[in-house]
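# Summary of structural features
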Amino acid sequence: MGRDAVETHFTESVAALSPGTRRDPALPIRPGTTLTGARCRELFEIQLTSRLLDIAARWLREQGEGFYTIGSAGHEGNAAVAAAVRATDPALLHYRSGAFYLARSAQAGRLAEEGLRDVLLGLSAAAEEPISGGRHKVFGHPDLAVIPQTSTIASHLPRAVGVAFAIERARKIGVASAWPAEAIAVCSFGDASVNHASALTGFNTAAYCAYQGLPLPVLFVCEDNGIGISVRTPPGWVKASGHPLIPKFQADGCDLAETYDAAVRAAEHVRTRRSPAFLHLRMVRLMGHAGSDVESAYRSPREIAESLARDPLVATARLLVEAGLTDPEELLGRYETIREHVLKLALESTRRPRLRSAREVMEPLAPRRPSLVAAQAARLPRDRAALFGEAPPEHEGPLTLARSINRTLTEILAAYPEAVLFGEDVARKGGVYGVTRGLLKRFGAARVFDTPLDEQALLGLALGAGASGLLPIPEIQYLAYLHNALDQIRGEAASLRFFSKGAYRNPMVVRVASYAYQKGFGGHFHNDNSVAALRDIPGLVIASPARPDDAAAMLRTCVAAAKTDGEVCVFLEPIALYGTRDLMDEGDNGWLTPYAPPSRWPETHVPIGRARSYGDGRDLTIVTFGNGLRMSLRAAIRLTSEGYGCRVLDLRWLAPLPVEDLIRGAELTGRVLVADETRGSGGVSEGVLAALADNGFGGKVARVTSRDSFIPLGDAAAHVLLSEAAIEDAARRLLS
């Protein structure tokens, strides 16, 4: 394999070094540092190995056997950060933190070759790679407390804050955590990432907690090489950015000793004060952004040469040689030995099997165990009598949707000590619609609490809490607000099991006040009806109950699935049905349902992906969900009174769709009308019709939906939303 300018510069620069007077390796490598000579030499080996992994990645790509060439060259100083923290500190790493990963592997007592193999198997997409199993090249390992990150454009910063929060919150509420009580969260990222909204969320949330005296031990590590692909970061920008309430520590990231000292101080600050800190490391990027990047197209020869002159490997070699702990010949010999070994291991990695089928690829997405979930869903509070006294919810009489959810949340918080419920206005106010009223008083502010008005922060807390052993139940105040932070579900929550083969999970149940039809309170952001961006997220569970009894059972199912299988569930609660009492006539109380006593929970359990059928007609099946259920039932009752035989199928689950129940219900009548309150484009009805077609349904089908419009204020909303009249008219056309 040929040698590029980076390798040539290293060998020439090291060869020109002059040995100094030998120092005791147990002493600092130079005056004024705490980094010993012995430790410096260990870290240099790791830096060297990391660099050679980048060279191997380029070589593998040339052979058509490697699939990832974004390297860590120039960032090898992050090995010192790993040395400054503990092997049990959870780490969420930048894609250029390769030396950190190798150092963490060594800290854990693994052989050097094991860390090497981890990375090489990832580069060659081998199925034996220990974290993602060939699904992506990531730094992660369940035994190293390294949580894999696949999108490091700051999307992991909110989760890192959540991990730090969970370390302390688990201790406060007295439940087990995935991390030691004195641990800190370590989160590394690039200089371009500090501009991202997710990064600002992470910094702001950490500062928000620190300002209030809430413990939040997170160490932010910015690996600043001054350029994001081809876009330069203005000089001094990272130093000027961040948050004024987060203390900053700085170092030349190309100087191993300086980096180590700054990292030790920063980590000690976070660990002892249990508050955030920002470590700014000034680094260089060598070998371009990735293997396909022609750096000379946007950087001048002078700029490239200046970066080479700051090569951290040369700088560490100089430290060792000037301290008399080695000489150029030994270092270059060691370089060649390791180079040959790394390339040999790289070749071996290409011979390992890769993922061979869609089934293998998708295996970690939804490893559902319905029987275990059903058993978990029947879990009772330890002392239910003390919880409710003489007035358990089953003795309250028929309940509204809102009250049924409230009582179920009470049972869940009592049954799961690790469960925490949080969101905007959920604690003192008890939710905008009163759904969480009384939970703060009953369970305390450590488990039921308000968050800042930032959905990214809210979901980031849930991500970190779930990965740390808690059972988070965050609330998004309105469905439209979820779109402010959707990547925290799409890019982070839903992908973690996939890219870690299930070794890491972030169980959560995201409650969302959803849909339209609020009377006297309108406007798009409080009446959103779009779920398209959720429905195509692989592995995500979407529950959409309409009836109070279903809401209780499905909420228990979602919590049980999160606990048992690590599911990420979105629980869509129809706002307009929260307080609905009647079905047909005022005072009929036809929408209220009794709360099932625990003795009936097994028989009323609602498995994921099972629908509910109403009526036994043989002329028409109306398929619907959410607010559409009440409208469809009303329409079906009127049609039945005219002699038509109608049945209504409530999907209940929008992902996965209850296909088996759908096909059965369709075949019973031969006619299907889909009544969909979401939009015609990208709405739920598209998935329903596709499922019917894919499964060979040959009967008549039609759909009626809301319009492809935002929802206006006041009575104008009726012009664009699904209506009972539209359902009834469409049904008559299908029956004629």
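Let us look at the structure shown here. Please read these numbers as outputs of a predicted model, since none were measured by experiment. (Residues numbered from 1 in each chain as written. Predicted model: local features only at pLDDT ≥ 70, side-chain atom pairs only at ≥ 80, totals over all residues. Heavy atoms only, no water.)

### Points about the sheet that holds strand β1 (residues 91-92)
On the basis of which strands lie adjacent, the open sheet formed by six strands has the order β2-β1-β3-β4-β8-β7 and parallel pairing. Every other strand in the sheet has two partners, leaving β2 (146-147) and β7 (248-252) as the edge strands with one partner each. Contacting β4 (218-224), β7 and β8 (277-282), helix α9 (residues 256-273) runs over the sheet at an angle of about 165° to β7. (Pairing = 2+ DSSP bridges. Helix = DSSP H or I, 4+ residues; strand = E, 2+ residues; numbered from the N terminus. Contact = heavy atoms within 4.5 Å. Axes fitted to C-alpha atoms, helices over the stretch in contact; angles between N-to-C directions.)

### As for the pattern of salt bridges
The full count for this structure, using the stated rule, is 50 salt bridges. For R51, the salt bridge goes to E76, with nearest N and O atoms at 2.7 Å. Note that R51 is positioned in helix α2 (residues 37-62) and E76 in the loop between α2 and α3 (78-84), a separation of 25 residues in sequence. For the pair shown, R51 and E76 are each scored as buried. Among the ionic pairs, R664 bridges to D661, the shortest N-O distance being 2.8 Å. Of the two residues, R664 and D661 are both situated in helix α25 (residues 659-669); the distance of three residues between them amounts to about one turn of the helix. Residue classification places R664 among the partly exposed positions, given a relative accessible area of 39%. One network of salt bridges, with partners in common, ties together R634, R638, E642, E724, E728 and R732. (Salt bridge = Lys/Arg side-chain N within 4 Å of Asp/Glu carboxyl O. Buried < 20%, exposed > 50% of the residue type's maximum accessible area, 1.4 Å probe, protein only.)

### Here we look at the packing of aromatic side chains
For the structure on display, the rule yields 14 aromatic pairs. Taking the centre distance of 5.9 Å and the plane angle of 50° together, the rings of F189 and F203 count as tilted. Taken together, the residues span a long stretch of sequence, with F189 in strand β3 (residues 185-190) and F203 in helix α7 (residues 197-211) at a distance of 14 residues. Take F189 and F203: they sit in the same class, and that class is buried. Consider the rings of F498 and F499, whose centres lie 4.9 Å apart with planes at 80°: the pair is edge-to-face. Classification of F498 by relative accessible area gives buried; the value is 15%. Owing to a relative accessible area of 17%, F499 belongs among the buried residues under this scheme. (Phe/Tyr/Trp six-rings, centres within 6.5 Å; stacked < 30°, edge-to-face > 60°.)

### What about the side chain of S124?
If you trace the backbone, S124 turns up in the loop between α5 (112-123) and β2. Taking the relative accessible area as the measure of exposure, S124 reaches 0% and is therefore buried. Not counting residues up to four positions away in its chain, the partners in contact with S124 are E65, F67, S349, T350 and R354.

### Comments concerning the pairing of β7
Along β7, the buried face is formed by F249 and A251; none of K248, Q250 and D252, which line the opposite face, is buried. Regarding topology, α9 serves as the crossover connection from β7 to the parallel β8, and that connection is right-handed. (Right-handed = clockwise from strand over helix to strand, strands pointing away.)

### Notes on the packing of α25 against helix α26 (residues 684-694)
Relative orientation of the contacting elements α25 and α26 amounts to 70°, with a least axis distance of 10 Å. The angle between the axes of α25 and α26 places the two elements in the roughly perpendicular class. Of the residues in α26, those in contact with V659, L662, I663 and A666 of α25 are V688, A691 and L692. Class assignment for the residues of the contact of α25 with α26 results in seven nonpolar, no polar and no charged. (Parallel < 35°, antiparallel > 145°, perpendicular 65-115°, else oblique. Nonpolar A, V, L, I, M, F, W, Y, C, P; charged D, E, K, R; others polar.)

### A short note on unusual backbone geometry
Residue P656 is reached from A655 by a cis peptide bond, and omega for that bond is -10°. Within the fold, P656 resides in the loop between β18 (653-655) and α25. In the Ramachandran plot, A125 falls in the positive-phi region, its phi being about 55° despite a non-glycine side chain. Along the chain, A125 falls in the loop between α5 and β2. Look at K501: it is not a glycine, yet its phi comes out positive at around 55°. With respect to the element layout, K501 can be found in the loop between α20 (487-496) and β12 (508-514). A residue is classified by how much of its surface remains accessible, and K501, at 39% relative accessible area, is partly exposed.

### A few points about the environment of A15
Relative to the helices and strands, A15 resides in helix α1 (residues 5-15). By relative accessible area, which is 48% here, A15 ends up partly exposed. Put simply, A15 and D191 are 176 residues apart on the chain and 33 Å apart in space, counted from C-alpha to C-alpha.

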